[in-house]
Amino acid sequence: MLKNLILVLNCGSSSLKFSVINPKNEKKYLFGTVERLFLSDTYVTWESKKNKYKKNIGSNISHEQALDFVIDHIFLLEEKILKNIVGIGHRVVHGGKKIKNSILINDKIINLIEEASIFAPLHNPANLIGIKKILQKYPILSKKNVAVFDTSFYQNMPKVSFLYAIPYDFFKKYGIRRYGAHGISHCYILHKTAFLLQKSFNQLNIITCHLGNGASVSAIRNGICVDTSMGLTPLEGLVMGTRSGDIDPSIIFFMYKQLNMSIHQIEELLIKKSGLLGLSGISSDFRYLEKNYNINEKAKIAVDIFCHRISKYISAYTSLMHGRLDAIIFTGGIGENVPFIRSIIISKLSLLGFFIHSEKNLLICNGKTGNINIKTSRPIFIIPTNEDLAISRETINIISLV
Ligand code: ADP
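Within each chain, residues carry numbers counting from 1 in the order of the written sequence. Local features in a predicted model are, by the rule used here, given only for residues with pLDDT of at least 70; side-chain atom pairs are given and counted only at 80 or more, and totals for whole chains, interfaces and linings are based on all residues. Only hydrogens and water are set aside when side-chain values are computed; all heavy atoms of the structure are taken into account.

1. A closer look at the packing of aromatic side chains
Classification of ring pairs uses Phe, Tyr and Trp, with its six-membered ring standing for Trp, and accepts pairs whose centres are within 6.5 Å; under 30 degrees between planes counts as stacked, over 60 as edge-to-face, and the remaining range as tilted. Using the criterion set out here, one finds 11 aromatic pairs in the structure. Centroid distance F18 to F75: 6.3 Å. Interplanar angle 75°. Geometry classified as edge-to-face. One end of the pair, F18, is in strand β2 (residues 16-22); the other, F75, is in helix α1 (residues 63-77), with 57 residues separating them in the sequence. Take F18 and F75: they sit in the same class, and that class is buried. Relative to Y174, the ring of F170 has its centre 5.9 Å away and its plane inclined at 50°; by these criteria the two rings are tilted. Linking F170 with Y174, this pair stays in helix α6 (residues 169-174), spanning 4 residues, or about one helical turn. Type-normalised accessible area, obtained with a 1.4 Å probe on protein chains alone, sets the label of each residue: buried when under 20%, exposed when over 50%, and partly exposed for intermediate values. Residue class for Y174 comes out partly exposed when judged on its relative accessible area of 47%. Among the aromatic residues, ring-to-ring pairing joins W46, Y53 and F69 into one connected group. Put simply, a charge is over a ring when the Lys NZ or the Arg CZ is close to the ring centre, within 6 Å, and near the line of the ring normal, within 35 degrees. The ring of Y43 has K54 sitting right over it, with the charged end atom 4.4 Å from the ring centre. Over the face of the ring belonging to Y179 we find R177, whose NZ or CZ atom lies 5.1 Å from the ring centre. Only DSSP runs of H or I with at least four residues qualify as helices, and only runs of E with at least two residues qualify as strands; both kinds are numbered from the N terminus onward.

Shown next, in the form of structure tokens:
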């Protein structure tokens, strides 16, 4: 019998993901994605117990129109859903200076999320559209909307990790610091690793690698994140699909002064035209890069730099573990599905006691969970991330507190 379902909404910059979760057995009753918002041929794919569906819903579709379709058509087809939703969890990328934890949404929180948009201009405004639309469509559930933030996981990082070496006032007055991103995923992985190792999460020292289009590494000591590769914004750190990750800031001055590029052009270059796409000159998609690794020099160098940077971060983060590292974990589209990347990265970490098991590495893909290390190695796990489930757990926690 259906009862007490949680709706999880992830209203992103160019897509909208939704899922309806039964918190009792933590299974998804229904889930889907609207893709190509604001482009031609916007379409929705969704899956329920009954079937899988795909439907074109027009062109130049906005977030609001997409949500109308999801609620008025998909949820109505599954008419039991609406009656049984007891809480709604909204993914919000940035909590800014003031919001530390998941929180019940009200006007004040909406204003604070709006304020934090300066740090996540592509994401927070889209997240807010979802929140406002749901409040308008379901006034009866207005006190059951919870915002879950990617930045919360990093709130307890020490100052040595989150401060930049620029005059202190920039932190004090303007909140410029490392905020991190992908926190919901890294936090989910922490708890799942604790379950797999049969330990309490706050006894764990682990390094988690979320490798997708966006990519980040986090160092977690005694269950608390003590450093992470993303910074003020998700541009810092690893090489990503189209983002540069770490560069010498002087490159920006060079582009501006010597190449007469505008700040807008430089921003666009570093966010949308760099990373794997910029280096390979062809694609940000790992499926393509993997196929061409041995035949295209640029594809090879792009992948090699991607791996080099990850192993460099992992090695650096071992120095924060106070002498004990329980596991390295890979997740995200690339981490979960590309054995050849995992084997390149781990091959650079033998000094730290990590050795891959070739057959297990090939087997654990496509949504499977498991370890891929040989017996004499420290543990290396593959864990598919499940941000929706993490959001639904937080939502249940918060709404049952009120
Ligand atoms: P995000 O959520 O950050 O948009 P994902 O976690 O979905 O990204 O990861 C997208 C990346 O994962 C892409 O580079 C894609 O090519 C890669 N990827 C996903 N599945 C596979 C696969 N089976 N084989 C190779 N690469 C894959």
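From this point, things continue past the structure.
2. Digging into the pattern of salt bridges
Take a side-chain nitrogen of Lys or Arg and a carboxyl oxygen of Asp or Glu: if they are within 4 Å of each other, that pair is a salt bridge. This model, assessed by the stated rule, comprises 16 salt bridges. K137 is the salt-bridge partner of D68, the closest N and O atoms lying 2.7 Å from each other. One end of the pair, D68, is in helix α1; the other, K137, is in helix α4 (residues 124-137), with 69 residues separating them in the sequence. According to the relative accessible area criterion, D68 is partly exposed, its value standing at 23%.

3. Description of the sheet that holds strand β10 (residues 215-221)
Read from one edge to the other, the open sheet built from 6 strands follows the order β11-β10-β9-β12-β14-β13, with strand pairing classed as mixed. Looking at the sheet topology across the chains shown, the edges are occupied by β11 (224-228) and β13 (370-371). The sheet contact formed by strand β9 (residues 206-211) and strand β12 (residues 327-331) spans 5 bridges and is parallel. Across the sheet, residue T208 finds its bridge partner in β12, namely I329. Across the sheet, helix α14 (residues 339-347) touches β9, β12 and β14 (380-382), and the angle it forms with β12 is around 150°. Pairing between two strands is assigned when DSSP locates at least 2 bridges connecting them. Between two residues, a contact is recorded if the distance between any of their heavy atoms is within 4.5 Å. Angles shown run from 0 to 180 degrees and are taken between the N-to-C directions of axes, each axis being a line fitted to C-alpha atoms and, for helices, limited to the stretch in contact.

4. So, the site of the ligand
Definition of nearness: a residue and a molecule or strand are near each other if at least one heavy atom of the residue lies within 4 Å of the molecule or strand. Surveying the vicinity of the ligand reveals 13 residues, the closest of which are N213, G214, D285, F286 and G333. Pairs of N or O atoms are called polar contacts if they sit within 3.5 Å, as long as, within protein, a hydrogen donor faces a hydrogen acceptor (for residues adjacent in sequence, only side-chain-to-side-chain pairs). In this structure, an oxygen atom belonging to the ligand sits 3.1 Å away from a main-chain N or O atom of N213. Contacts to the ligand include N337, whose side-chain N or O atom sits 3.4 Å from a nitrogen atom. Where accessible areas are quoted, they stem from the Shrake-Rupley method and a 1.4 Å probe; at the residue level, only the protein chains shown are allowed to cover. Look at the ligand: alone it shows 580 Å² of surface, and the protein chains cover 70% of it. Looking at the shell around the ligand, the elements that each hand over two or more residues are α11 (286-292) and α13 (332-337). With 4 residues, α13 is the largest single contributor of residues to the shell around the ligand. Here the residues of the shell around the ligand sort into 3 nonpolar, 7 polar and 3 charged. Throughout, the ten residues Ala, Val, Leu, Ile, Met, Phe, Trp, Tyr, Cys and Pro are labelled nonpolar, Asp, Glu, Lys and Arg are labelled charged, and all others, Gly among them, are labelled polar.

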